Amino acid sequence: MIFGRRKKSQHQSEAAETAQDDTASISPDETAGDREELGEENAPAQAEPTPGRASTGPFDESEKDTAAGYIDLGALRIAAAENLQLRLEVEERTKRVIAVTLDINGSNLQLQAFAAPRSEGLWDEIREQIGASVGSQGGTVSERQGEFGTELIAKLPAQTPDGRAGFRVARFVGVDGPRWFLRGVFGGPAAMDPAIAGPMEQLFRNVVVVRGDHPLPPRELLPLKLPKDAGAPKQPEQPEQPKATPDDPLRRGPEITHIG
């Protein structure tokens, strides 16, 4: 297992936090959800927004034994797998781990977990915001029914290594769990080729989310931490990217020549 760490600059972090504040405006429904998190009386019963999730994954910590074979990253526990490389993204200003990216055979999967209201999920709303954000940058988004319900395939204009016009591709998936929301962003061949996506999809299914009992407002990033054996060799440094939020558009993806 190889662990890498990537830092974010202070300027990028501050810009990302401003963007997060802009997208996280609380509607009356979200306010109600926030009150539920704070434990007000007469809160509605907890819902399970994603049908079948508890048996197929990703899992809540109450549903999966992670005593062996899992890497403990705090809010996320990742099942160990052959050829898996783990990259942790660290915000330079706060030294906070804000995302984990899993790499296998040229494909990658970025993971972040967020607090969610007790009685409703976030994915429906976040999909709309991802589409609007990608569209504002000249990209396109299409919805499809995939392995994890409704998914998004996003394409943003980009330049290929040889200087031609192309686009970046990412596959966004979201799962609403009990008081948490897990977002995954597939990049590389796994974002486009179902035949290659299998191992990455299994990694996503095996993720265990540790929500904790403390109250948090909806969309608050659940805290991640370095694993105990994080002293392993680092991955080569990657170009810095803005901090992701639940409705953030593409971070990285394959550079593809656009034909037609």
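Residues numbered from 1 in each chain as written. Predicted model: local features only at pLDDT ≥ 70, side-chain atom pairs only at ≥ 80, totals over all residues. Heavy atoms only, no water.

## Let's talk about the overall build of the protein chain
Part 1 of the reasoning: Regarding its fold elements, the protein chain presents five helices and 13 strands.
Part 2 of the reasoning: Looking at the 260 residues of the protein chain, the share that counts as buried comes to 49%.
Part 3 of the reasoning: Of all intrachain contacts in the protein chain linking residues separated by at least 6 positions in sequence, the fraction that spans at least 24 positions is 68%.
Part 4 of the reasoning: Accessible surface computed for the protein chain: about 12,200 Å², of which carbon and sulfur atoms make up 49%. (Helix = DSSP H or I, 4+ residues; strand = E, 2+ residues; numbered from the N terminus. Buried < 20%, exposed > 50% of the residue type's maximum accessible area, 1.4 Å probe, protein only. Contact = heavy atoms within 4.5 Å. Areas by Shrake-Rupley, 256 points an atom, 1.4 Å probe, with all protein chains shown as cover.)

## Re the nonpolar core
Part 1 of the reasoning: Among the nonpolar cores identified, the biggest contains 37 residues, and L76, I78, L86, L102, L111, F186 and F204 are the most heavily contacted of them.
Part 2 of the reasoning: At the level of elements, β4 (76–79), β5 (85–91), β6 (96–104), β7 (107–115), β10 (165–177), β11 (180–187) and α5 (194–206) are the ones that each hand at least two residues to this core.
Part 3 of the reasoning: Formed by 16 residues, the second largest nonpolar core is a distinct cluster that contains I98, F114, I130 and L152. (Core = buried A, V, L, I, M, F, W, Y, C linked by side-chain atoms within 4.5 Å.)

## Some points on the sheet that holds strand β12 (residues 208–209)
Part 1 of the reasoning: On the basis of which strands lie adjacent, the open sheet formed by four strands has the order β2-β12-β4-β3 and mixed pairing. Of all strands in the sheet, those with a lone pairing partner are β2 (59–60) and β3 (70–72), marking the two edges.
Part 2 of the reasoning: Of the strand pairs in this sheet, β2 and β12 are connected by two bridges, and their pairing is parallel. If you follow F59 over to β12, its bridge partner there is V208.
Part 3 of the reasoning: On top of the sheet, α5 reaches β2, β3, β4 and β12; it is set at about 140° to β4, its chief contact. (Pairing = 2+ DSSP bridges. Axes fitted to C-alpha atoms, helices over the stretch in contact; angles between N-to-C directions.)

## Quick look at the packing of aromatic side chains
The description of an aromatic ring pair uses the distance of the two centres, along with the angle that the planes make with each other.
Part 1 of the reasoning: Considering all chains together, one arrives at three aromatic pairs under this definition.
Part 2 of the reasoning: An aromatic cluster of three or more residues is present, and its members are F148, F186 and F204.
Part 3 of the reasoning: Here the basic side chain of R171 rests over the ring of F186, its NZ or CZ set 4.6 Å away from the ring centre. (Phe/Tyr/Trp six-rings, centres within 6.5 Å; stacked < 30°, edge-to-face > 60°. Lys NZ or Arg CZ within 6 Å of the ring centre and 35° of its normal.)

## Brief notes about the pattern of salt bridges
Part 1 of the reasoning: Overall, the coordinates contain 13 salt bridges when judged by the stated rule.
Part 2 of the reasoning: Here R127 makes a salt bridge to E143, at a shortest N to O gap of 3.2 Å. You can see R127 sitting in helix α4 (residues 123–136) and its partner E143 sitting in strand β8 (residues 140–146), a full 16 residues away along the chain.
Part 3 of the reasoning: Residue E201 is joined to R171 by a salt bridge in which the shortest nitrogen-to-oxygen separation is 2.9 Å. Note that E201 is positioned in helix α5 and R171 in strand β10, a separation of 30 residues in sequence. In this structure, E201 and R171 share a single accessibility class: buried.
Part 4 of the reasoning: Taken together, the salt bridges that share partners define one network made up of R144, E151, R171 and E201. (Salt bridge = Lys/Arg side-chain N within 4 Å of Asp/Glu carboxyl O.)

## So, the confidence of the model for the protein chain
Part 1 of the reasoning: Residues at a pLDDT of 70 or more form 68% of the protein chain, whose mean pLDDT is 77.
Part 2 of the reasoning: Looking across the protein chain, the model is least confident in strand β13 (residues 255–257), with a mean pLDDT of 29, and most confident in β12, with 98.
Part 3 of the reasoning: Here residues 9–48 scores under 50 on pLDDT; set against residues more than four positions off or in separate chains, the count is 61 contacts.
Part 4 of the reasoning: Taken together, the stretch residues 231–243 has pLDDT below 50 and engages in 34 contacts with residues farther than four places along the chain or on a different chain. (pLDDT = per-residue confidence, 0-100.)

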